[in-house]
Amino acid sequence: MIMLIKRRESWQLPESAVTPREVFEDRRRFIQGASALGLGAIAGGLGFPMRDAMAAPLATVHPAAYSAEALGLDVTAKEHATSYNNFYEFGTGKSDPVENAQDFKPLPWTVEVSGHAANTGTFSYEDLVSPHKLEERVYRFRCVEAWSMVVPWVGIPLADMLKRFEPTSGAKYVAFETLYDPERMPGQNRSVIPWPYVEGLRIDEAMNPLTMMVVGMYGETLPNQNGAPLRLIVPWKYGFKSIKSIVKISFTEEEPKTTWNMANSREYGFYSNVNPEKSHPRWSQAKERVIGSGLFPERRPTPMFNGYGEQVAHLYDGMDLKKFF
Ligand SMILES: Nc1nc2c(c(=O)[nH]1)N[C@H]1C(S)=C(S)[C@@H](COP(=O)(O)O)O[C@H]1N2
Ligand SMILES: [Mo]
């Protein structure tokens, strides 16, 4: 595949949107220095699993509003969140991703931005991430399979990143696409779902302050099995909306196609907001199994919009959420 890589010095962005140069260069040096020094490997020696040997610590800010204390829930142990995964590109079993994604090299990485925006092109991971402050946010995470975790993600409010592309009035939706490379993602050799994995949001959902472009978790860069180097997190929607290893972002006029809707439109809609009152055709969504809560796992009630109704319910005013599921 041939990609045109357009390099921009400062992205020609308004001064206010860009972190002072020294700050992000320091941060970049910190990240690179940390991996060059093999801090991940040292951590490995201290008893962390080998799969984290490549992880580099990230400098983040911690807004109190998104702390574990504010959420009032225990954070899922990192060992669980990084070894019980859905990432069909590396296999369909829960432990396939951690086993099969270890040789995946997420960097260098580029994202192609297209569609209804003034500032389109192909951007490197650095172009996309370095100008932003990284935030740590502890969010509930609810899979449509009725299990849940509580994860400290590290990332950038998606709106802050998208605004830099200057979407135009034709941008009604945002479409996302995962890397398609069966040599690097062996699960793609089987047609279990259509490849590449695609997802989408309405532009106002994408711009909602809760929606994040995630680059890390537990204070470190994203493990491969969790969608390195860049993935979405949309905490009021079922987990499959949170597409991993993103290589394309497109601003569209029409509602984008989504993988699970294409695979089974009766079971999976475009919106996929967490809704305990609307059962999946094959199981109830009223409760969730708390991952990491032991041999006899805790099953707790699932809240509407996964607990984020105050921030997002207004997006769906006047919509029948059983019809637009
Ligand atoms: N590209 C891609 N993204 C994906 C998936 C996938 O198979 N491929 N699985 C989704 C599902 S069903 C869930 S529950 C979450 C799991 O994220 P986690 O493994 O980081 O917990 O990723 C979502 N994003
Ligand atoms: Mo999921």
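Residues numbered from 1 in each chain as written. Chains lettered and ligands numbered in written order. Predicted model: local features only at pLDDT ≥ 70, side-chain atom pairs only at ≥ 80, totals over all residues. Heavy atoms only, no water.

This paragraph deals with the sheet that holds strand β10 (residues 246-252). Read from one edge to the other, the open sheet built from five strands follows the order β2-β1-β10-β5-β6, with strand pairing classed as mixed. For this open sheet the edge positions go to β2 (121-124) and β6 (198-202), each flanked by a neighbour on one side alone. Ignoring strand direction, the axes of neighbouring strands in this sheet form an average angle of 20 degrees. By the bridge criterion, four bridges tie strand β1 (residues 110-115) to β2 in an arrangement that is antiparallel. Note on β2: the bridge partner recorded for glutamate 112 is threonine 122. (Pairing = 2+ DSSP bridges. Helix = DSSP H or I, 4+ residues; strand = E, 2+ residues; numbered from the N terminus. Axes fitted to C-alpha atoms, helices over the stretch in contact; angles between N-to-C directions.)

This brings us to the site of ligand 1. Around ligand 1, a shell composed of 17 residues is seen, among which Asn85, Tyr88, Glu89, Arg231 and Lys244 lie nearest. Within the contact set of ligand 1, a nitrogen atom lies 2.8 Å away from a side-chain nitrogen or oxygen of glutamate 89. Within the backbone of serine 242, an N or O atom sits 2.9 Å from a nitrogen atom of ligand 1. Compared with its free state, where it exposes 540 Å², ligand 1 has 97% of that area covered by protein. With respect to the detected pockets, ligand 1 is housed in the second largest pocket. When the residues that make up the shell around ligand 1 are grouped by side-chain class, the tally is eight nonpolar, six polar and three charged. (Near = heavy atom within 4 Å. Polar contact = N/O pair within 3.5 Å; in protein donor to acceptor, adjacent residues only side chain to side chain. Areas by Shrake-Rupley, 256 points an atom, 1.4 Å probe, with all protein chains shown as cover. 1 Å grid on protein atoms, 1.4 Å probe; cavity = no way out; pocket = protein on both sides within 12 Å on 5 of 7 lines; lining within 4 Å. Sits in = over half its atoms within 2 Å of the grid points. Nonpolar A, V, L, I, M, F, W, Y, C, P; charged D, E, K, R; others polar.)

Considering all chains together, one arrives at 18 aromatic pairs under this definition. Ring centres of tyrosine 271 and phenylalanine 324 lie 6.2 Å apart, and the angle between their planes is 90 degrees; this geometry places the pair in the edge-to-face category. In this pair, tyrosine 271 is assigned in the loop between α9 (259-263) and β11 (287-290) and phenylalanine 324 in the segment after α10 (309-312), connecting sequence segments 53 residues apart. Taken together, the ring pairs in this structure connect Tyr173, Phe270, Tyr271, Phe305, Tyr316 and Phe324 into an aromatic cluster. Over the face of the ring belonging to tyrosine 66 we find arginine 137, whose NZ or CZ atom lies 4.1 Å from the ring centre. It is lysine 278 that lies over the ring of phenylalanine 325; its NZ or CZ is 4.6 Å from the centre. (Phe/Tyr/Trp six-rings, centres within 6.5 Å; stacked < 30°, edge-to-face > 60°. Lys NZ or Arg CZ within 6 Å of the ring centre and 35° of its normal.)

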